[in-house]
Amino acid sequence: MAEQHTKSERLRRHLVDVIDQGLEPHSKLPTERDLAVEFEVSRLTVRRALDRLEHEGLVYRVQGAGTFVAAPRITKSVELTSFSEDMRTRGLEPGSSVLVTETIPAGARLGAKLRVSPSDDVFHIRRARTADGEPMALEDSYLNPRLFPGLIDNVGGESLYRILETEYGMRIEWAEQSVHASVLEPEQAELLDAPPFSPAFFVSRTSYDAQDRAVEYAESTYRGDRYHYEFKIHRSR
Ligand code: 16G
């Protein structure tokens, strides 16, 4: 058993090296059978190595088609950035398509987030966010119409934070953010071009301006296979 583990670990490392040395994302790896023959190991050993690589997000499998090199995950650092800024620092071109713009009553939950009364209206903007044309996240933004009159008639493909700054002179200064693990509901999966119930990150953020006014409450669902969060953390004194 231990022997088999060592062999699969050796094969795993070899495949990591091969991928790192420049295998293009989405290129196909040799079949399990070919790998077993080439490395003189059992199919079970090959499967173990591939299982780990899949678990680590380096490869993905398509039933009946084989194993492929995964696209690199996008690192999200914990700084207050817009989606567009995030993508650009990673050399990716951000994009979005607006799926919904509507004015709805805040209700108790959104009212509390945006510090308006439950019977007040709020703007709801739902966007599918892309990086280099690939779907990355679904984003529901809620804003106070009194702070941003006419906003929902102005949102298009460009950065929301930019519109808030340039059109309304509103700069977001700080935010409360929470992240939890989630899965893509079938409707979300379809919009994100991913399998239903695949892993996702659910991120919610309430953003404030320098006067601590609640500017936006947003809920974003990111594809779990394309994102990972990176934190710079300091030991408390
Ligand atoms: C981030 C924010 C979202 C904001 C968007 C602006 C989270 C969960 N979401 O994705 O609240 O609307 O950036 O991006 O942090 P944009 O300026 O590119 O439209």
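From a predicted model like this one, the values you see are computed outputs, not experimental measurements.

Undergrad: What is the right way to read the environment of Leu191 from this model?
TA: Turning to its location among the elements, Leu191 is positioned in helix H8 (residues 186-192). Here Leu191 falls in the partly exposed class, since its relative accessible area comes to 36%. Sequence separation between Leu191 and Leu11 is 180 residues; the distance between their C-alpha atoms is 36 Å. Every residue in contact with Leu191, bar those within four places of it in the chain, is listed here: Leu99, Arg126, Pro135 and Leu138.

Undergrad: Which parts of the structure should I look at to understand empty space enclosed by the protein?
TA: Where empty space is left in the structure can be found by rolling a water-sized probe over the atoms. Counted under the stated rule, the structure contains 1 cavity of 30 Å³ or more. In this model, the largest cavity occupies a volume close to 230 Å³. Around the largest cavity, the lining is made up of 21 residues, and of these Thr81, Phe83, Glu139, Tyr161 and Arg205 lie nearest the centre. Secondary-structure elements contributing two or more residues to the lining of the largest cavity are helix H4 (83-89), strand S5 (121-131), strand S6 (134-143), helix H7 (160-168), strand S8 (199-208) and strand S9 (214-223). When residues in the lining of the largest cavity are grouped by element, the largest group, 4 residues, is from S9. Counted by class, the lining of the largest cavity contains 6 nonpolar, 8 polar and 7 charged residues.

Undergrad: Would you mind showing me how to read the confidence of the model for the protein chain here?
TA: Any residue range with low pLDDT should be treated as having predicted coordinates unsuitable for detailed reading. Looking at the protein chain, pLDDT values average 90 and 92% of them are 70 or higher. Put simply, strand S3 (residues 74-77) is where the protein chain has its lowest mean pLDDT, 58, and helix H5 (residues 107-114) is where it has its highest, 97. This complex was scored by the predictor with a pTM of 0.72 and an ipTM of 0.97.

Undergrad: Before we go on, may I ask you to explain the site of the ligand in this structure?
TA: Around the ligand, 17 residues are found, and the nearest of them are Ser84, Glu139, Ser159, Leu160 and Glu216. Phe83 has a polar backbone atom sitting 3.0 Å from an oxygen atom of the ligand. Take Tyr161: an N or O atom from its main chain is 3.0 Å from an oxygen atom of the ligand. Contact with the protein chains covers 100% of the free accessible surface of the ligand, which is 460 Å². When atom positions are compared with the pocket grids, the ligand is found to occupy the largest cavity. Elements with a contribution of two residues or more to the shell around the ligand: H4, S5, S6, H7, S8 and S9. A per-element tally of the shell around the ligand places S9 first, with 4 residues. The residue makeup of the shell around the ligand, split by class, is 6 nonpolar, 6 polar and 5 charged.

Undergrad: Whenever I open this one, the pairing of S9 confuses me. Can you help?
TA: Within a regular strand, the side chains alternate between the two sheet faces. Taken across its 10 residues, S9 has 10 buried, putting it largely inside the fold. Pairing of S8 with S9, which is carried by 9 bridges, proceeds in the antiparallel orientation. Along S9, the bridge assignment pairs Ser207 with Glu216. With antiparallel pairing between neighbouring strands as the criterion, S8 and S9 make up a hairpin whose turn holds 5 residues, including Asp212 at a positive phi of roughly 65°.

What counts as what
- Residues numbered from 1 in each chain as written.
- Predicted model: local features only at pLDDT ≥ 70, side-chain atom pairs only at ≥ 80, totals over all residues.
- Heavy atoms only, no water.
- Helix = DSSP H or I, 4+ residues; strand = E, 2+ residues; numbered from the N terminus.
- Buried < 20%, exposed > 50% of the residue type's maximum accessible area, 1.4 Å probe, protein only.
- Contact = heavy atoms within 4.5 Å.
- 1 Å grid on protein atoms, 1.4 Å probe; cavity = no way out; pocket = protein on both sides within 12 Å on 5 of 7 lines; lining within 4 Å.
- Points joined across faces, edges and corners; volume = space filled by probe spheres on them.
- Nonpolar A, V, L, I, M, F, W, Y, C, P; charged D, E, K, R; others polar.
- pLDDT = per-residue confidence, 0-100.
- Near = heavy atom within 4 Å.
- Polar contact = N/O pair within 3.5 Å; in protein donor to acceptor, adjacent residues only side chain to side chain.
- Areas by Shrake-Rupley, 256 points an atom, 1.4 Å probe, with all protein chains shown as cover.
- Sits in = over half its atoms within 2 Å of the grid points.
- Pairing = 2+ DSSP bridges.

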